[in-house]
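# Analysis of the macromolecular model
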Amino acid sequence: MKLQKVVMVISAIAEVCYWIGSGMTCAIVISLAVGYTGLVSKLSSVIPEKGKDLIGFGFSISTVDSAGNIVWGTYLLFFITLLLMLLLMAMICRNVHLIFKTTAGKTKFSKGKTPFQPDNIRMVREVGIFLILIPVIGLIMSIIARAVYSASAIECSMDMHFVVVGLVILCLSEVFAYGMKLQQDVDGLV
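Residues numbered from 1 in each chain as written. Predicted model: local features only at pLDDT ≥ 70, side-chain atom pairs only at ≥ 80, totals over all residues. Heavy atoms only, no water.

What follows concerns helix 3 (residues 72–103). The end-to-end C-alpha distance of helix 3, which contains 32 residues, comes to 47 Å, matching closely the 46 Å that a straight helix rising 1.5 Å per residue would cover. Just downstream of helix 3, Gly105 is the residue with a positive phi angle, here 75°. (Helix = DSSP H or I, 4+ residues; strand = E, 2+ residues; numbered from the N terminus. Expected span 1.5 Å × (residues − 1).)

This is the structure:
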């Protein structure tokens, strides 16, 4: 029970942080989209030294072309990618928090105090799908970056470990679905 409470608190705090990060990233995306690069230039912790990559959630993109010139469009592409990934992480944390609350019977859609509930199974599947979507978004953005800024001028890379974790969680959702079926069978016998 202590672990459950700790995870609920951590997931709630992380969710809020991801939503705040999403809002800040959205402001950066809007400022870059309208052509204002001053906001990004002022954020010295966000702007790497010339020639360095921007990196987030395993996605990285070079900010300079082969001639050494800053390509502001790569910043826009990076922050759009980061925004999508932050939103997915916020939803993952939300689902984790709700799974524990639902399991404890503390949500309006809870069906008792059991982890084997249709809403829990759906939310576990969503967590797996969201984790898989993170590198998929990175892959799509890498393709867009290479198409728009030429493959020789811009380098992109992604970390695919989210796919493995997402697949494991999708498998766990099947275990939960099987557990729910067994629980319904047992409840039907009693």
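Now that the structure has been shown, the text picks up again.
The subject of this paragraph is helix 1 (residues 2–33). A rise of 1.5 Å per residue sets the reference length of helix 1, with its 32 residues, at 46 Å; its end C-alpha atoms lie 46 Å apart and thus fit the reference within 8%. Every buried residue belonging to helix 1 is among Gln4, Met8, Ser11, Glu15, Gly21, Ser22, Thr25, Ile28, Val29, Ser31 and Leu32, and all of these are buried. (Buried < 20%, exposed > 50% of the residue type's maximum accessible area, 1.4 Å probe, protein only.)

Let us now look at the packing of aromatic side chains. Tallied over the entire structure, the rule returns three aromatic pairs. Centroid distance Tyr18 to Phe57: 6.3 Å. Interplanar angle 40°. Geometry classified as tilted. Taken together, the residues span a long stretch of sequence, with Tyr18 in helix 1 and Phe57 in the loop between strand 1 (53–56) and strand 2 (59–62) at a distance of 39 residues. Geometrically, the ring pair formed by Phe59 and Phe78 is stacked, given 6.3 Å between the ring centres and 15° between the ring planes. Note that Phe59 is positioned in strand 2 and Phe78 in helix 3, a separation of 19 residues in sequence. Judged on exposure class, the residue Phe59 and its partner Phe78 are both buried. Following the ring pairs from residue to residue traces out a cluster consisting of Phe59, Phe78 and Phe79. (Phe/Tyr/Trp six-rings, centres within 6.5 Å; stacked < 30°, edge-to-face > 60°.)

Applying the stated rule across the entire model yields three salt bridges. Measuring nitrogen to oxygen at the nearest pair gives 3.0 Å for the salt bridge that ties Arg122 to Glu126. Of this pair, Arg122 and Glu126 both sit in helix 4 (residues 118–149), four residues apart, roughly one helical turn. Classification of Arg122 as partly exposed rests on a relative accessible area of 37%. Given the relative accessible area of 22%, Glu126 is considered partly exposed. A salt bridge links Glu174 to Arg125; the nearest nitrogen and oxygen atoms lie 3.0 Å apart. Separated by 49 residues along the polypeptide, Glu174 in helix 5 (residues 161–189) and Arg125 in helix 4 bring together distant segments of the chain. According to the relative accessible area criterion, Glu174 is partly exposed, its value standing at 46%. In the salt-bridge network here, residues are joined through shared partners; they are Asp119, Arg122 and Glu126. (Salt bridge = Lys/Arg side-chain N within 4 Å of Asp/Glu carboxyl O.)

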